[in-house]
Amino acid sequence: MQTETIDLDKQPVAEQSSSIDSVPVIDISELLIDSSAAASANAIDQIAQACQTWGFFQVINHGISNDQIADVWRETHALFALPAEEKQSILRSKDNPWGFYDNELTKNQRDKKEVFDFTREGVDPIYGQTNRWPQNHPAFKTTMMAYQDSCTRLSLKLLEGFCLGLDLPADFMRQDFADNHTGFVRLNYYPTKDPLAESSIEHQAIADLGIHHHTDAGALTVLLQDEVSGLQVYRDGYWYDIPTIEGAIVINTGDMMQVWSNDIYNAPIHRVLAMEARERYSIPFFFNPAASCTVSPLPSVIDEQNPSRYHGIEWGSFRGQRSDGDFADYGTEVQISQYRK
Ligand code: OGA
Ligand code: NI
């Protein structure tokens with residue numbers, strides 16, 4: 001495990017004076033119709049370019065309706081507004097990561113936020129656990145499951161774009177995701193007040209960021225953010241704000257995409273500032289492969305000049321060790337650098 005020599009969170013925030021200084025906004029309407037058609041080439045090039053530079057981009061004409069997005073925001077606000085006892089009754093635990101939580105640790109430091117995680121219905125293949133839902137709020141579950149389905153459809157389309165961008169057939173990775181993906185949705189609430197500021201437990205009284213810097217573990221993340229900014233990506237010594245754009249959805253690549261692409265794409269380091277003036281909500285969907293999938297560089301990106309840089313990573317065990325936002329500090333987080341050849 002490499003130790004960081006610089007404190008990333010102390011690096012400066014960039015002045016962003018033009019759109020060139022920011023992550024691209026990509027119209028994916030053609031990609032949704034037929035990713036292999038000539039009309040999609042432009043979007044695929046822009047996605048490939050964004051993944052080689054920022055690791056982040058925003059998509060418009062993404063196929064998720066305004067009505068559905070309004071529903072999911074309404075239910076998200078309602079969940080975090082529930083009385084504390086109701087939230088405590090769906091608390092996640094060491095064995096079962098699904099449910100509500102307000103003491104997230106990223107890089108072993110506490111974050112200033114509340115969280116609710118859920119995945120596909122049934123017993124999940126990594127933890128062997130099922131979702132927790134608030135009692136007597138049936139619309140919450142229905143809305144959330146429908147939104148997860150929409151994110152899955154969008155992610156499968158984006159995956160086609162990633163494959164085409166790496167000179168592979170559009171459906172090359174489909175079998176690792178279509179019926180058996182281990183994606184999940186996280187509802188994030190960043191209050192202005194620190195929910196645990198009064199804590200008497202040592203190391204728990206400081207929460208200086210919304211989320212400490214990290215990379216997402218899986219393939220790609222589909223993120224809805226509200227109009228309150230705070231998300232930043234690290235690039236070449238600076239932190240850059242990801243602007244809030246009405247109607248756009250933020251996409252970023254994760255660690256597994258970096259491995260599949262043999263480092264052509266980088267999983268971007270990102271963080272969320274602590275909210276001071278206004279509270280903020282965000283909703284990432286983490287699109288992850290099947291538990292049994294072994295992730296290693298794809299055939300189109302390796303040859304004699306560019307040998308594979310990684311040993312195969314079993315996704316189920318990687319995710320089990322990483323948890324993408326841990327329940328608590330149970331030791332050092334697993335990183336893809338440990339799998340480097
Ligand atoms: C995350 C994350 C960004 C945001 O939950 O992994 O990076 O804007 N969220 O909340
Ligand atoms: Ni993240």
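What you see is a predicted model; the values in this text were computed from it and never measured.

### Re the overall build of the chain
Counting its regular elements, the chain contains seven helices and 16 strands. Every one of the 341 residues in the chain was classed for burial, and the buried ones make up 54%. Counted over contacts in the chain with a minimum sequence separation of 6, partners at least 24 positions apart contribute 79%. When the accessible surface of the chain is totalled, it reaches about 15300 Å², and 48% of it is carbon and sulfur.

### Some details on the coordination of the nickel ion (ligand 2)
Taken together, the protein ligands of the nickel ion (ligand 2) are His214 (NE2), Asp216 (OD) and His270 (NE2), with distances of 2.1 to 2.2 Å. On the primary sequence, the residues serving as donors to the nickel ion (ligand 2) are separated as H-x1-D-x53-H. Of this pair, Asp216 sits in the loop between β8 (209–214) and β9 (220–225) while His270 is found in strand β13 (residues 270–273), placing the two residues 54 residues apart along the sequence. Each member of the pair, Asp216 together with His270, is buried.

### Notes on the side chain of Thr143
Secondary-structure assignment places Thr143 in helix α5 (residues 138–165). Not counting residues within four places of it along the chain, the set of residues in contact with Thr143 comprises Asp71, Val72 and Glu75.

### What to know about the site of ligand 1
Surveying the vicinity of ligand 1 reveals 13 residues, the closest of which are Tyr190, His214, His270, Arg280 and Ser282. Here an oxygen atom of ligand 1 and a side-chain polar atom of His270 are 3.0 Å apart. At 2.5 Å, a side-chain N or O of Ser282 approaches an oxygen atom of ligand 1. Protein chains shield 96% of the accessible area of ligand 1, which is 290 Å² for the free molecule. Of all elements in the fold, only β7 (184–190), β8, β13 and β14 (280–287) reach the threshold of two or more residues within the shell around ligand 1. Element by element, the count of residues in the shell around ligand 1 is highest for β14, at four residues. For the shell around ligand 1, the residue count by class is seven nonpolar, four polar and two charged.

### Some points on the nonpolar core
Phe57, Leu158 and Trp260 are the most contacted members of the largest nonpolar core, which has 69 residues in total. With eleven residues, α5 is the single largest residue contributor to this core. Excluding its chain neighbours within four sequence positions, the residues that come into contact with Leu158 are Ile28, Leu31, Ile47, Phe57, Val59, Leu220, Val222 and Ile251. Core analysis: the second largest hydrophobic core is formed by 15 residues, Trp54, Tyr190, Ile242 and Val272 among them.

### Considering helix α7 (residues 315–322)
Turning to α7, its buried residues are Trp315, Gly316, Phe318, Arg319 and Arg322. Buried residues in α7, looked at end-on, bunch into an arc of 165 degrees, giving them a common side.

### Considerations on the environment of Gly316
Relative to the assigned elements, Gly316 resides in helix α7. Spatially, the C-alpha atom of Gly316 lies 6.1 Å from that of Ser292, the residues being 24 residues apart in sequence. When near neighbours in sequence (up to four residues on either side) are disregarded, Gly316 contacts Ile126 and Ala291.

### As for the confidence of the model for the chain
Chain-level statistics for the chain give a pLDDT mean of 89 and a share of 88% at 70 or above. pLDDT under 50 marks residues 201–205. Its contacts with residues more than four places away, or in other chains, come to eight contacts.

### Here we look at the sheet that holds β8
Read from one edge to the other, the open sheet built from four strands follows the order β8-β13-β10-β11, with strand pairing classed as antiparallel. The two strands at the open ends of the sheet, each matched to only one other strand, are β8 and β11 (238–241). Between one strand axis and the next, the sheet turns by 30 degrees as a mean value, whatever way the strands run. By the bridge criterion, three bridges tie strand β10 (residues 231–235) to β13 in an arrangement that is antiparallel. Across the sheet, the residue bridging to Gln232 is Arg271, located in β13.

### Observations concerning the packing of aromatic side chains
A full pass over the atoms with the stated rule returns 20 aromatic pairs. Summarising the aromatic geometry, the rings of Phe80 and Tyr281 are spaced 6.1 Å apart at their centres and angled 45 degrees between planes, so their arrangement reads as tilted. Note that Phe80 is positioned in helix α3 (residues 66–80) and Tyr281 in strand β14, a separation of 201 residues in sequence. Just as Phe80 is buried, Tyr281 falls in that class too.

Here is what the cut-offs are and how they apply
Residues numbered from 1 in each chain as written. Chains lettered and ligands numbered in written order. Predicted model: local features only at pLDDT ≥ 70, side-chain atom pairs only at ≥ 80, totals over all residues. Heavy atoms only, no water. Helix = DSSP H or I, 4+ residues; strand = E, 2+ residues; numbered from the N terminus. Buried < 20%, exposed > 50% of the residue type's maximum accessible area, 1.4 Å probe, protein only. Contact = heavy atoms within 4.5 Å. Areas by Shrake-Rupley, 256 points an atom, 1.4 Å probe, with all protein chains shown as cover. Donors = N, O, S within 2.8 Å, 3.2 Å for Na, K, Ca; no water. Near = heavy atom within 4 Å. Polar contact = N/O pair within 3.5 Å; in protein donor to acceptor, adjacent residues only side chain to side chain. Nonpolar A, V, L, I, M, F, W, Y, C, P; charged D, E, K, R; others polar. Core = buried A, V, L, I, M, F, W, Y, C linked by side-chain atoms within 4.5 Å. Arc of directions from axis to C-beta. pLDDT = per-residue confidence, 0-100. Pairing = 2+ DSSP bridges. Axes fitted to C-alpha atoms, helices over the stretch in contact; angles between N-to-C directions. Phe/Tyr/Trp six-rings, centres within 6.5 Å; stacked < 30°, edge-to-face > 60°.

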